[in-house]
Amino acid sequence: MTVPDYWRLKDTRFRLMGVKCAECGHANFPPTVVCPKCGSENLEEYQFPHEGVLTNFTVVYQGNQQYNYQVPYVIGIVELTDGTRLTSQITDIDPEDVKIGMPVEFTLRKYYVEGDEGIIMYGYKFRPKLKEA
Amino acid sequence: MTQVVVLSTGMTKFTDAYEFGIRDLGMQALTRALNNKSINKSDLDGLFVGNMSSQAFTEQGLIGPLIAADLGMDIPVTTVNLADASGASAFRQAYLSVKSGQHDLVAVVGVEKVTDMLGLPLLQGIYAMNVLDRRYEGQQGLTLASAYALMAQEHQRKYGTTHEQRAMVAVKNHMNGKVNPYAQFRNLLKMETVLKSKIVADPLRLFEMSAAGDGGAAVLLASEKIAKQYTDEYIYVKGSGQASMPFRISDRNDLTELLSVKKAAQNAYGQAAIEPKHIHLAEVHDSVTISEIMTIEALGLVKPGEGGTATEEGRTKRDGDIPVNTSGGLKARGAPFGAVGVAQVVEVYEQLLGIAGDRQIPDAEIAITENHAGTGVTSLVHVFSR
């Protein structure tokens, strides 16, 4: 991944920022420059919720390229509290303790490093929701 | 309306063909298709080449024009990329070009050279770049196997599909590959071997996946009128359907249903005026065992949720009521991405003409092929008759 590409995606990757259509109210994940529901280009900033539940998951034992050293890892589909669904790794938990329906929350983590000279890539992962203090 | 027919086929053996490059495989397949019916290459008026990733795998682009130029042809050439559905997509474009009357006699070549790229994680990475949303799935660590694993888990939860039922897909396809001279794997596979193979993404195991391999496949298409000038031995293309569904797996409302396959099938069946019960055999996209199970359900060959039990009961074997992947499928015949969809047509051609040898399904009259990209973001279904 190149630096401009990484830079362009940073708000979504680092904070789950996106856009919401000013015409029809749809917030698409990932954010797009045209609303896929109504075709409007009139979009407003939108903060996706940082909490949700895990609806599906699997444990990966053989990863591609940069991820192969991280196996086994858990990847699944998270449904955020506003109904948005996205694919994310589930971290800070042993694979055998992961359950469907588990409350999860956003956390910023390292994805992988692109060789000795490439960028260190960060982005969202989800972890079990911490108990409220 | 013009009736479009497949009048010849040619293939290379699917294998790790270290002695051949991508241009060799494409050239061999096309030349064999021409020579099988003694057709001169100068009679072709169009060439459609299906290929997924010649740039990434072999550092060579414009693969269609390269193959044409190597053969000294100056006809219109189109290279079609639709990941592992490139072959069927090239076939569909060729079919439409003849159906529309624009071309009379065209060739379709599906070709992929994979094994110049050494190292499985690297190879799988290139495949993943082709079929997953790189920035919102791939970079998060989703793999094609783990995407299918999510689908398999959901199928298991909803319908009770078992590990043994999935494994049976691989066992059955190896039984067919054993009697296919073009097949990459001609060995029988034991259920136990599949079940005990290394786990890739829970619940899917290594021997449930198709393997890396190289190969080329070619077919010639013409209007029936033109075909008759060369041969009486041909099959009809009765329908061509294609449909798409959400790209990202997280955007799909039901992970157990291949909606694009279902829609493409309805489209193709409608053109051919057939129903699933009329189909004698099917070549489908079994890149992973669960893919075959979900595909035969979406094609209406079995009821939703019954793909696993149908496989377990032997209904999809060569002597079953709906033989699936008599070629050995992607699992045993092999899965050189861009060549898959064309190789499926080669199998159907041999079956419908009664020249499939030990794999022959007696009295096969209507057959279908189904080829999809990745986990089915876009799918193609073709109906053929004798």
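Residues numbered from 1 in each chain as written. Chains lettered and ligands numbered in written order. Predicted model: local features only at pLDDT ≥ 70, side-chain atom pairs only at ≥ 80, totals over all residues. Heavy atoms only, no water.

(A) Seen up close, the state of the cysteines. All names here are of chain A. Within the structure shown, the criterion is met by zero disulfides over all chains. A disulfide-free cysteine, Cys 21 has its sulfur positioned 3.5 Å from the sulfur of Cys 38, the nearest such atom. Relative accessible area serves as the criterion here: at 40%, Cys 38 is assigned to the partly exposed category. (Disulfide = S-S within 2.5 Å. Buried < 20%, exposed > 50% of the residue type's maximum accessible area, 1.4 Å probe, protein only.)

(B) Inspection of the packing of aromatic side chains at higher detail. All names here are of chain B. Summed over the entire model, instances satisfying the criterion amount to 13 aromatic pairs over all chains. Plain terms: the ring middles of Phe 57 and Phe 337 are 6.0 Å apart, the flat faces sit at 10 degrees to each other, and that makes the pair stacked. Residue Phe 57 is located in helix 2 (residues 54-58), and its partner Phe 337 is located in the loop between helix 14 (329-332) and helix 15 (340-353); the two are separated by 280 residues in the primary sequence. When the centroid spacing of 4.7 Å and the interplanar angle of 25 degrees are considered together, the rings of Tyr 127 and Phe 337 count as stacked. (Phe/Tyr/Trp six-rings, centres within 6.5 Å; stacked < 30°, edge-to-face > 60°. Helix = DSSP H or I, 4+ residues; strand = E, 2+ residues; numbered from the N terminus.)

(C) Just the confidence of the model for chain B, in detail. Mean pLDDT over chain B stands at 97; residues scoring 70 or higher make up 100%. ipTM for the predicted complex: 0.96, alongside a pTM of 0.97. (pLDDT = per-residue confidence, 0-100.)

(D) Examining the interface of chain A and chain B more closely. Tallying the contact residues gives 34 residues for chain A and 37 residues for chain B. Taking both partners together, chain A and chain B bury about 2900 Å²; carbon and sulfur atoms supply 49% of that area. Where chain A touches chain B, the interface holds one salt bridge. The salt bridge partner of A:Asp5 is B:Arg135, with a shortest N-O separation of 2.5 Å. (Contact = heavy atoms within 4.5 Å. Buried area = accessible area lost by both parts, 1.4 Å probe. Salt bridge = Lys/Arg side-chain N within 4 Å of Asp/Glu carboxyl O.)

(E) Structural view of a nonpolar patch on the surface. Residues and elements named next belong to chain A. Where nonpolar side chains cluster on the molecular surface, the patch consists of Leu 108, Val 113, Ile 120 and Tyr 122 and spans about 310 Å² of accessible area. For the nonpolar patch, the elements supplying multiple residues, two or more each, are strand 6 (103-113) and strand 7 (120-128). Its location among the elements puts Leu 108 in strand 6. For Leu 108, a relative accessible area of 41% gives the class partly exposed. (Patch = residues over 30% accessible without salt bridge, like charges linked within 9 Å, V, L, I, M, F, W, Y side chains within 5 Å. Areas by Shrake-Rupley, 256 points an atom, 1.4 Å probe, with all protein chains shown as cover.)

(F) Just unusual backbone geometry, in detail. A:Pro30 follows A:Phe29 through a cis peptide bond whose omega is 0 degrees. Tracing the chain through its elements places A:Pro30 in the loop between strand 1 (17-21) and strand 2 (43-47). B:Asp202 connects to B:Pro203 through a cis peptide bond whose omega is 10 degrees. Here B:Pro203 is to be found in the loop between strand 5 (199-201) and strand 6 (204-205). The phi dihedral of B:Ser38 is positive, around 50 degrees, even though this residue is not glycine. According to the relative accessible area criterion, B:Ser38 is exposed, its value standing at 68%. Positive phi values are uncommon outside glycine, yet B:Leu62 reaches one of about 45 degrees.

(G) Inspection of the side chain of B:Thr316 at higher detail. Residue and element names in this part refer to chain B. Topologically, Thr 316 is positioned in the loop between helix 13 (307-312) and helix 14. For Thr 316, a relative accessible area of 0% gives the class buried. The contact partners of Thr 316, leaving out residues within four places of it in the chain, are Lys 172, Glu 292, Ile 296, Ala 310, Thr 311, Ile 322, Pro 323 and Val 324.

(H) Local environment of the packing of helix 7 (residues 144-159) of chain B against helix 12 (residues 289-298) of chain B. Residues and elements named next belong to chain B. Two elements in contact, helix 7 and helix 12, have axes separated by 10 Å at closest approach and are oriented at 60 degrees. As judged from the angle between their axes, helix 7 and helix 12 are oblique. When you trace helix 7 past helix 12, the crossing you get is left-handed. When helix 7 is examined against helix 12, the residues Tyr 148, Met 151, Ala 152 and His 155 are found in contact with a partner set consisting of Ile 290, Ser 291, Ile 293, Met 294 and Glu 297. Split into classes, the residues belonging to the contact of helix 7 with helix 12 amount to six nonpolar, two polar and one charged. (Axes fitted to C-alpha atoms, helices over the stretch in contact; angles between N-to-C directions. Parallel < 35°, antiparallel > 145°, perpendicular 65-115°, else oblique. Left-handed = near helix turned anticlockwise from the far one by under 90°. Nonpolar A, V, L, I, M, F, W, Y, C, P; charged D, E, K, R; others polar.)

(I) Representation of helix 4 (residues 86-99) of chain B in the model. Residues and elements named next belong to chain B. Its 14 residues give helix 4 an end-to-end C-alpha distance of 20 Å, which sits within 8% of 20 Å, the value for a rise of 1.5 Å per residue. Most of helix 4 sits inside the fold, with 11 of its 14 residues counted as buried. Backbone geometry just after helix 4 places Gly 101 at a positive phi near 90 degrees. (Expected span 1.5 Å × (residues − 1).)

(J) Focus on the nonpolar core. Core analysis: the biggest nonpolar cluster contains 94 residues, and A:Tyr124, A:Phe126, B:Tyr269 and B:Leu299 have the highest contact counts within it. When residues in this core are grouped by element, the largest group, eight residues, is from helix 7 of chain B. Apart from the residues lying within four places of it in its own chain, the contact partners of A:Tyr124 are A:Thr12, A:Arg13, A:Leu16, A:Phe29, A:Leu86, A:Thr87, A:Ser88, A:Phe106, A:Thr107, A:Tyr111, B:Tyr136 and B:Gln140. (Core = buried A, V, L, I, M, F, W, Y, C linked by side-chain atoms within 4.5 Å.)

(K) Looking closely at the pattern of salt bridges. Counting across every chain of the model gives 24 salt bridges over all chains. Across the pair B:Lys172 and B:Glu292 runs a salt bridge whose closest N-O atoms are separated by 2.6 Å. With B:Lys172 in helix 8 (residues 163-177) and B:Glu292 in helix 12, this residue pair connects regions lying 120 residues apart in the sequence. Across the pair, B:Glu292 and B:Lys172 agree in class, each one buried. Connected through shared salt-bridge partners, A:Asp5, A:Arg8 and B:Arg135 make up one network.

(L) Expanded view of the sheet that holds strand 10 (residues 366-372) of chain B. Residue and element names in this part refer to chain B. Taken in spatial order, the nine strands line up as 3-2-4-7-1-8-11-10-9 in an open sheet, and their pairing is mixed. The outermost strands of the open sheet, each flanked by one partner alone, are strand 3 (77-80) and strand 9 (281-283). If you compare each strand with its neighbour and ignore which way they point, the axes differ by 25 degrees on average. Here strand 1 (residues 4-11) runs beside strand 8 (residues 235-244); their pairing, made up of three bridges, is antiparallel. Counted as the bridge partner of Val 4 is Val 237 from strand 8. Its contacts with the sheet put helix 11 (residues 259-272) on strand 8, strand 10 and strand 11 (378-385), and the angle it makes with strand 8 is roughly 145 degrees. (Pairing = 2+ DSSP bridges.)

(M) Expanded view of the pairing of strand 8 of chain B. Residue and element names in this part refer to chain B. Extensive coverage of strand 8 is indicated by the burial of seven of its 10 residues. Bridge count for strand 8 against strand 11 is eight bridges, and the pairing is antiparallel. Paired with Gln 242 across the two strands is Leu 380, which belongs to strand 11.

(N) Just the side chain of B:Gln165, in detail. Along the chain, B:Gln165 falls in helix 8. Other than its neighbours up to four places away in sequence, B:Gln165 contacts B:Gly160, B:Ile293, B:Gly308, B:Thr309, B:Thr311 and B:Glu312.

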